[in-house]
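Residues per chain are reported as follows:
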Amino acid sequence: MIVATAGHVDHGKTSLVRQLTGVNTDRLEEEQHRGMTIALGFAYRKTATGHTIGFIDVPGHRRFINTMISGIRGVDLGMLVVDAHEGLMPQTQEHVRVMDLLGVRDTLAVITKTDRVTPTEVHALDATLRALLPSAPVFSVSNLTGAGIAELQGELEARATATQARA
């Protein structure tokens, strides 16, 4: 199963992929220096049942929307990542539209940085995301503490098991 991240710059996409796989997808020196993804990053992880989940970490900055588009085409799952404190931003909405235009129908949403806000703020953003993506499950995580990561991994593993292999 191939999963592509989507969402605004600095909302924790790369940190989330690192939390899920142990791989830093920001491999270029410029990315590490700037703290901003500018090229597609790739990471893989095996599930307990032997399936492979591949992650494509895309840039979130509007100047790199073409790179985001090239990374999200033909994926099995779009993973919209939204910072709990900042909420929906212009690039968040842009990435949702791009996924829709490119035919990414299977999505889930992840609220990151939950350790920085109150449960009430997380709940409000959860409701907003459920309205934006009515058929997508929403997960709340902290990339810093690891809270919620096990639940998200369980969902990804279940989806990987159910995904049909393709040539």
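For clarity, every value in this text was computed on a predicted model and none was experimentally measured.

Visitor: So what exactly am I meant to see when it comes to the packing of helix α1 (residues 13–21) against helix α6 (residues 149–162) here?
Guide: Two numbers describe a pair of packed helices, the interaxial angle and the distance between the axes. Contact geometry of α1 with α6 gives a least axis separation of 11 Å together with a crossing angle of 75°. By the angle class used here, α1 and α6 are roughly perpendicular. Counting all contacts with α1, which are made through Leu16, Gln19 and Leu20, the residues of α6 involved are Ile149, Leu152, Gln153 and Leu156. Of the residues belonging to the contact of α1 with α6, the class tally is five nonpolar, two polar and no charged.

Visitor: Help me understand the sheet that holds strand β3 (residues 52–57), please; the structure alone is not making it clear to me.
Guide: Strand pairs in the sheet, formed through backbone hydrogen bonds, run parallel or antiparallel to each other. The strand order across the open sheet formed by six strands is β2-β3-β1-β4-β5-β6, and the pairing between neighbours is mixed. With partners counted over all chains shown, the strands left at the sheet margins are β2 (41–46) and β6 (138–140), one partner each. For this sheet, the mean angle separating the axes of adjacent strands, direction not counted, is 25°. In the sheet, strand β1 (residues 2–6) pairs with β3 via three bridges, with the strands oriented parallel. Paired with isoleucine 2 across the bridge in β3 is glycine 54. Together, β1, β2, β3, β4 (77–83), β5 (107–112) and β6 form the strand contacts of α6, whose direction differs from that of β5 by roughly 165°.

Calculation rules
- Residues numbered from 1 in each chain as written.
- Predicted model: local features only at pLDDT ≥ 70, side-chain atom pairs only at ≥ 80, totals over all residues.
- Heavy atoms only, no water.
- Axes fitted to C-alpha atoms, helices over the stretch in contact; angles between N-to-C directions.
- Helix = DSSP H or I, 4+ residues; strand = E, 2+ residues; numbered from the N terminus.
- Parallel < 35°, antiparallel > 145°, perpendicular 65-115°, else oblique.
- Contact = heavy atoms within 4.5 Å.
- Nonpolar A, V, L, I, M, F, W, Y, C, P; charged D, E, K, R; others polar.
- Pairing = 2+ DSSP bridges.

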